[in-house]
Amino acid sequence: MAYHASFYRLQASFAALALVLSSALPVWVVLSAIILLLYCAVALSRGWQNPPALVLAGFALAAVIGVALWFHTLNGAPAGVSLLLLVASIKTLECRARRDLIVVVLSGYLLTASVYLFGQGLPQVMFGLGNLLWLTSVLQQLHASAAATSLRRQLVTAGVRLLAAVPLMLFLFVLFPRIDGPLWGRMPNRHQAVTGLSDGMEPGIISQLVRSQAIAFRAHFSGPPPAPNTLYWRTYVLTRFNGLAWLPPAAGAGNRNGVQVHGQTTRYTLLLRPTGKRGIPVLGLPVSVPPGTRLMPGDTLKATGSADAIHSYVLTVATHGALLGADMRRSQLRRDLALPPHIAPQARVLAARWRREDPSPEAIVARAMRYIHDQPFYYTLTPPRLPGDITDRFLFSTRQGFCEDYASAFAVLMRAADIPARVVVGYMGGHWNNALDYYTVREADAHAWVEVWLPGRGWLRVDPTSAVAASRVEAGTAATATGGLAVTATGGWLAHWGRSLRRGWDTAGYLWDTWVVAFGPAEQRALLARLGLRTDWASLAAYLAAGFALIALSGLAWHTWKARGPRTRDPALRLYRRYLRRLRREQNLAPRPNEGALDFAQRAARIWPPHAQAAAVIALRYQEARYAPSSNEHLRQQRLLLLRRAVDGPLTSR
């Protein structure tokens, strides 16, 4: 029955693993694994015979071929984990004994670790710890006697064993050499899509992101937080327009205008989630280029390393009182005035009329904002398609769109009016956490706006989306505190309770990301330096070797001390324990729990017949020395002497 219980519990663990991995693995892999697990459970309950070895070999070969055909490789995290899940499920078909189940449990540990190849957030951590506890309890059940198989007892024992591993885990976490990005990030992974802003803007891209509640990044401020109306996180600057899409500057454009700071700067720590994109959201304008980044045209920052893991950057920025490109010449701005020929003819006519009536750039910008506000423009997450000329179609026909539509049309209007303009994509706003002083910015906060260049003032931010009248905002969206637009939640106590729970969960996620996931090479070097340790790989290897040796010696000392048993002042008991240690060393024999000396002597005699006579004598002397009543001290000493001679004498009779 213990075997059956262990088998069913193991099946439950594998089924949970298959479901958790279903978001990262092909559907056919997950379904195949679950079908195999269900068949095994039914077969065990009905007493069916295991399939022949030839059938199992066919299943394994089919799994390898299927994975290879689906992924076109056996390399990479999804392919490797798919193959491991299928092979482990097939292995359950041939389980006949406890040893087979132990092999499956060990493969369950590998599958549990593989969950972290596809995500390292709190949900994955909680599931991994729970499944680890469950698998360890199954292992405990497989090794325990029938009298100690209660589930609660096994879970408690498994928990104690896992807690005992915490010091080793912390030791490896601190000292194991780190690399820039996860190991699996080096593997090709052509089938895993990621969300996040891209360095281009086509209709529909940002509107898709706005429906995502995934966290894009967090920003921690050690000082006063910035004002809400300054929360524009610049990520990409787009200067080239081909009539349908906005693209980044061509390679080698070299437009690094520089930032002239005339006020205070702000310093904060950015915790960037992995998106596969290297653009770094910067609040305002970057004053310096931190390690691990480089300056891009348009004064944005781009990561130089992997973008497949969480990274932290310490940024110094100017949110107000700074000028960008104020000293540029008109000849340097030709590309920011370029428009493809024959596009937006109506927009060109409108811009030309504004320019004739008042050529001042400030007046044209203000007139364009009034045009969006006064005309029946609507803000909607599901705008109609824009066939033909997307600018004229939006400005004069549909007048329904999202931030990307407004930003694109506004930039075209400005260029048509001979005002340098470009589109900026990034994020706007964020949710402030009072407990730990950080902003959480989600993909739903993705936004697009425009920067126009004015003589003597440089590049200035203009957000045409904020000009849409509040009465023409689609239900489900609302104006934000900064004047922009975003998706909003409904009110009510349930929504309030949900937001509180969400903030608590977000705080826990922030701490986990900050202290664990973002602990990369730089953080490891900084910690070791504070501890006075060297940070080169040779020193880390020496520290690891010394640590493993110390842990091994500690374990050996603990085992030796525990094998001595509890200390006692009873001389007869001390002599008997000495005999037991001698017997354990020579024949690995030990009494069972609650087994008396005479019973153990009889059992030892059956197992090791040459020891029968010595075992009987020792048991008799021990009984006399410890339990026989006597008020005579001389007699008591005589009995102890006889016991000592029996214990120290030969254990076998010739």
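Residues numbered from 1 in each chain as written. Predicted model: local features only at pLDDT ≥ 70, side-chain atom pairs only at ≥ 80, totals over all residues. Heavy atoms only, no water.

**With respect to the packing of helix α2 (residues 27–46) against helix α4 (residues 77–91)**
Thought 1: Axis separation between α2 and α4 bottoms out at 9 Å; the angle between their running directions is 15°. In terms of orientation, α2 lies roughly parallel with respect to α4. Classified by chirality, the crossing of α4 by α2 is left-handed. Facing Trp 28, Val 29, Ser 32, Ala 33, Leu 36 and Leu 37 of α2, the residues of α4 in contact are Ser 82, Leu 85, Leu 86, Ser 89 and Ile 90.
Thought 2: In the contact of α2 with α4, the residues fall into eight nonpolar, three polar and no charged. (Axes fitted to C-alpha atoms, helices over the stretch in contact; angles between N-to-C directions. Helix = DSSP H or I, 4+ residues; strand = E, 2+ residues; numbered from the N terminus. Parallel < 35°, antiparallel > 145°, perpendicular 65-115°, else oblique. Left-handed = near helix turned anticlockwise from the far one by under 90°. Contact = heavy atoms within 4.5 Å. Nonpolar A, V, L, I, M, F, W, Y, C, P; charged D, E, K, R; others polar.)

**Concerning helix α17 (residues 571–587)**
Thought 1: Relative to the 24 Å expected for 17 residues at 1.5 Å per residue, α17 spans 24 Å between its end C-alpha atoms, a close match to the ideal helical length.
Thought 2: Listed as buried for α17 are Ala 572, Leu 573, Leu 575, Tyr 576, Arg 577, Tyr 579, Leu 580, Arg 582 and Leu 583.
Thought 3: Each element contacted by the buried residues of α17 is listed here: α18 (597–607), α19 (612–627) and α20 (633–648).
Thought 4: Of the residues that open α17, the one with a side-chain oxygen 3.0 Å from the backbone nitrogen of Ala 572 is Asp 570.
Thought 5: The positive-phi residue at the C-terminal boundary of α17 is Asn 588, with phi of around 55°. (Expected span 1.5 Å × (residues − 1). Buried < 20%, exposed > 50% of the residue type's maximum accessible area, 1.4 Å probe, protein only. Polar contact = N/O pair within 3.5 Å; in protein donor to acceptor, adjacent residues only side chain to side chain.)

**Some words on the UniProt feature "transmembrane region" (unreviewed entry) in the chain**
Thought 1: Within this structure's numbering, the places UniProt gives as "transmembrane region" (unreviewed entry) are residues 12–41, 53–71, 155–176 and 537–559.
Thought 2: Annotation note: span residues 12–41, helix share 80%, strand share 0%, distance between end C-alpha atoms 10 Å.
Thought 3: Split by type, residues 53–71 is 100% helix and 0% strand. Its first and last C-alpha atoms lie 27 Å apart. (UniProt positions renumbered as here; feature names shortened; annotations may be inferred.)

**Points about the packing of aromatic side chains**
Thought 1: By the definition in use, this model includes 24 aromatic pairs.
Thought 2: Taking 5.3 Å as the distance between ring centres and 40° as the angle between the ring planes, the aromatic pair formed by Tyr 379 and Phe 402 counts as tilted. Of this pair, Tyr 379 sits in strand β14 (residues 378–379) while Phe 402 sits in the loop between β15 (400–401) and α13 (403–416), and the two are 23 residues apart along the sequence.
Thought 3: Consider the rings of Phe 394 and Tyr 406, whose centres lie 4.9 Å apart with planes at 90°: the pair is edge-to-face. Taken as a pair, Phe 394 in helix α12 (residues 390–398) and Tyr 406 in helix α13 lie far apart in primary sequence, 12 residues in all. Like Tyr 406, Phe 394 is buried.
Thought 4: Three or more aromatic residues joined by ring pairs make a cluster, and in this case those are Phe 217, Phe 221, Trp 233, Tyr 268, Tyr 427, Trp 432 and Tyr 439.
Thought 5: The ring of Trp 134 has Arg 9 sitting right over it, with the charged end atom 4.8 Å from the ring centre. (Phe/Tyr/Trp six-rings, centres within 6.5 Å; stacked < 30°, edge-to-face > 60°. Lys NZ or Arg CZ within 6 Å of the ring centre and 35° of its normal.)

**Focus: the pattern of salt bridges**
Thought 1: Counted under the stated rule, the structure contains 19 salt bridges.
Thought 2: Among the ionic pairs, Arg 422 bridges to Glu 451, the shortest N-O distance being 2.9 Å. Residue Arg 422 is found in strand β16 (residues 421–428), and its partner Glu 451 is found in strand β19 (residues 446–454); the two are separated by 29 residues along the sequence. Take Arg 422 and Glu 451: they sit in the same class, and that class is buried.
Thought 3: One continuous salt-bridge network, built from bridges that share partners, spans Arg 218, Arg 273, Arg 442, Asp 506 and Asp 513. (Salt bridge = Lys/Arg side-chain N within 4 Å of Asp/Glu carboxyl O.)

**A look at the sheet that holds strand β1 (residues 215–221)**
Thought 1: A sheet is described by the order of its strands in space; here six strands give the open sequence β9-β12-β6-β1-β18-β17, paired in antiparallel fashion. A single partner strand is all that each edge strand has here, and the edge strands are β9 (285–286) and β17 (431–433). (Pairing = 2+ DSSP bridges.)

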